[in-house]
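Observations on the model geometry
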Amino acid sequence: MRELIRTNDAVLVSLIEAVLSEAGLVSFVADGHMSVLEGSLGILPRRVLVADDEWDEARRLVVEAGVEQALLSP
């Protein structure tokens, strides 16, 4: 799996998950439950991961969704 984005914005994570799911791509949110450790402060970023062979397609979909600023550099 390869990291697509890393953010503290839970809404952005949900949007990207929805965009990828709609296109039939499987994603995994790593560190999604870290709020238990951080006390729900939102300081630890969540990471959206996709399969290596779907990474280019996932990046294209994120750009088309208009949130390309969230993408990690290639």
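Up top is the structure these notes are about.
These remarks concern the structure in this document.

About the cut-offs
- For every chain, the first residue of its written sequence is number 1, and the numbers climb from 1 along that sequence.
- Only residues with pLDDT of at least 70 are given local features in this predicted model, and only at 80 or more are side-chain atom pairs given and counted; all residues enter the totals for whole chains, interfaces and linings.
- Side-chain calculation: all heavy atoms of the structure are included, whereas hydrogens and water are not.
- Two strands are counted as paired when DSSP detects at least two bridges linking them.
- A run of DSSP states H or I qualifies as a helix once it reaches four residues; a run of E qualifies as a strand once it reaches two. Both are numbered from the N-terminal end.
- Between the N-to-C directions of two axes lies an angle of 0 to 180 degrees, each axis being a line fitted to C-alpha atoms and, for a helix, fitted only over the stretch in contact.
- Throughout, a residue-residue contact means that at least one pair of heavy atoms, one from each residue, lies within 4.5 Å.

Observations concerning the sheet that holds strand β2 (residues 27-30)
Overall, antiparallel pairing links the 3 strands, which are arranged β1-β3-β2 in an open sheet. Edge positions in the sheet fall to β1 (2-7) and β2, since each has one partner strand and no second. Strand-to-strand, the axes of this sheet are offset by a mean angle of 25 degrees, without reference to chain direction. Relative to strand β3 (residues 46-50), β1 runs antiparallel, the two sharing 5 bridges. Note on β3: the bridge partner recorded for I5 is V48. Most of the contacts of helix α1 (residues 10-22) go to β1, to which it runs at about 145 degrees, and overall it touches β1, β2 and β3.

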